[in-house]
Each structure stands twice: as C-alpha cells, then as structure tokens.
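A closer look at the structure
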Amino acid sequence: IRIFNGYGPQENESRGKILAFWQEFEKEIINAKEENCLILVEMDANAMLGAEIIARDPHPILKNGLLLRDILERQNLICLNSHAKCEGSITRHHKTVISDEKSILDYVIVCDQLASFFHRMIVDEKRENVLTKYVSLKGVRVKSESDHNPVFAEFNIKFSSAPPVTRREVFDFKNEESQQKFCKLTNNSTKLRHCFDGFSSPKSA
C-alpha cells in the first residue's frame with residue numbers, strides 16, 4: 001500500500017503553483033499504480049468538492065476542487081468522505097468573533113481495490129479527539145486546539161505471515177571443529193579472501 005499525506009495549495013495561490021501541485025500529485029498516483037501498489041491518500045487538500053460529490057458539503061465546488069475531482073475521475077479513485085459508511089462530514093470548523101465557518105477540506109482517498117476493504121470512517125465533529133498544542137506564554141500555559149476535526153478510517157485487511165526463511169550455516173564459530181577449518185582456510189589458502197575481489201579499498205582523504 002502506498003500511503004500519501006499532502007497539503008494542498010490555498011485557493012488564492014498563483015495558477016502556476018496550484019497546477020504544479022496537482023500535476024505532481026497525479027504523477028505520484030500514476031507511479032504507485034505502475035508499481036502495483038494500492039493507494040491510500042489522507043490530505044488537507046484545501047479543496048472544496050461541492051455537494052455533487054459530498055452531499056453535505058456546505059460550499060460549492062471551487063477551482064482546487066475541480067482539479068481534484070478530475071484526478072479522481074481519471075485515476076479511478078474514491079473519496080471516502082462521500083461513502084455511506086462515513087459518519088460526519090465537516091472537517092474544519094473555524095470560529096472567530098464575526099464568523100462561524102464550516103467546510104470540508106480533509107479527505108481520505110483510495111483506489112477501487114483498497115475500497116473493497118473499507119469498513120468505516122468517522123469525522124470527529126464532536127471534537128472528542130481534537131489535536132491540541134500547549135504553549136507557555138510569559139509563564140502562563142495556553143491551550144491551542146486545531147480547527148480541523150480528526151478523521152479516522154478503518155479497513156478490514158488480512159494477510160498471511162511471510163514464510164520462514166531457511167538459513168544455511170557455513171561456519172559455526174562456536175564449534176571447535178569449525179574454528180579449525182576456518183584457521184586452515186585463512187592460513188593455508190586465499191579462498192576466503194577472494195570473496196572481496198572486485199571491491200576497491202576506501203580512498204584516503
């Protein structure tokens with residue numbers, strides 16, 4: 001499984017910077033597919049996909065959202081925020097004195113193969129597990145909470161343990177007979193030394 005974590009450009013960034021980010025993002029998705037990897041993306045995309053993709057999205061789709069939507073369609077990716085098994089929707093709740101802004105900016109995106117193992121997803125709108133930072137300002141401890149709601153995704157994935165590796169013992173250095181063989185090989189022949197042929201000695205500075 002190839003796991004991606006990203007932070008998308010702001011809507012007010014230059015057109016060139018926005019396109020460069022999404023082009024590089026899609027390039028990495030294509031590379032993962034060519035290497036036969038399942039794809040799992042978790043990102044603050046700074047992209048609004050709109051109600052056509054996520055029914056409870058309070059905002060219309062914007063330019064970042066349009067670029068992300070096109071990638072989802074071209075690469076056959078699934079945004080789990082829109083899945084029936086996703087509980088909650090608002091991933092960012094920003095409160096100020098003059099506004100109370102709610103939006104969906106953080107996404108969990110998977111390929112169709114990994115989607116078959118998807119169990120459920122929770123957007124923590126109750127903020128029971130909100131990310132919190134504590135800082136000290138002039139001796140006073142101040143708590144700062146993220147305005148992004150945590151997102152949890154669960155998958156039912158089972159796999160078999162790797163087969164045991166068969167080891168072949170060449171010398172048992174704790175065995176007296178083996179020690180005698182080693183002494184004989186190193187004193188009376190150059191057989192062991194030749195295993196280093198082709199390696200250059202390190203150059204002095």
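Residues numbered from 1 in each chain as written. Predicted model: local features only at pLDDT ≥ 70, side-chain atom pairs only at ≥ 80, totals over all residues. Heavy atoms only, no water.

To continue, consider the pairing of strand β10 (residues 140-145). Relative to β10, strand β9 (residues 132-137) runs antiparallel, the two sharing six bridges. Counted as the bridge partner of valine 135 is valine 142 from β10. Connecting β9 to the next strand, β10, in antiparallel fashion are two residues, including lysine 138 with a positive phi near 55 degrees. (Pairing = 2+ DSSP bridges. Helix = DSSP H or I, 4+ residues; strand = E, 2+ residues; numbered from the N terminus.)

Strand pairing in a sheet takes place through backbone hydrogen bonds and is either antiparallel or parallel in direction. What the four strands build is an open sheet, ordered β1-β2-β7-β3; its pairing is mixed. Both edges of this open sheet fall to β1 (2-7) and β3 (77-79), since each of them pairs with a single strand only. This sheet shows a mean twist of 20 degrees between the axes of neighbouring strands, independent of strand direction. Here helix α1 (residues 15-34) sits on the sheet in contact with β1, β2 (39-44) and β3, set at roughly 160 degrees to β2. (Axes fitted to C-alpha atoms, helices over the stretch in contact; angles between N-to-C directions. Contact = heavy atoms within 4.5 Å.)

What follows deals with the sheet that holds strand β4 (residues 86-87). The three strands are arranged β4-β8-β11 in an open sheet whose pairing can be described as mixed. Each edge of the open sheet carries a strand with a single partner, namely β4 and β11 (151-155).

Looking now at the packing of α1 against helix α2 (residues 63-74). α2 packs onto α1 with a crossing angle of 20 degrees between their chain directions and a minimal axis gap of 11 Å. With respect to α2, the element α1 is oriented roughly parallel. Where α1 crosses over α2, the two elements pack in a sense that is right-handed. The segment α1 lies against α2, with Arg15, Ile18, Leu19, Trp22, Phe25 and Glu26 engaging Lys63, Asn64, Leu67, Leu68, Ile71 and Arg74. (Parallel < 35°, antiparallel > 145°, perpendicular 65-115°, else oblique. Left-handed = near helix turned anticlockwise from the far one by under 90°.)

Let us look at the pairing of β1. As paired strands, β1 and β2 are joined by six bridges and run parallel to one another. Bridged to phenylalanine 4 within β2 is valine 41. Chirality of the crossover, the property in question, places the unit of β1, α1 and β2 among those that are right-handed. (Right-handed = clockwise from strand over helix to strand, strands pointing away.)

Nothing here speaks to function; it is geometry throughout.
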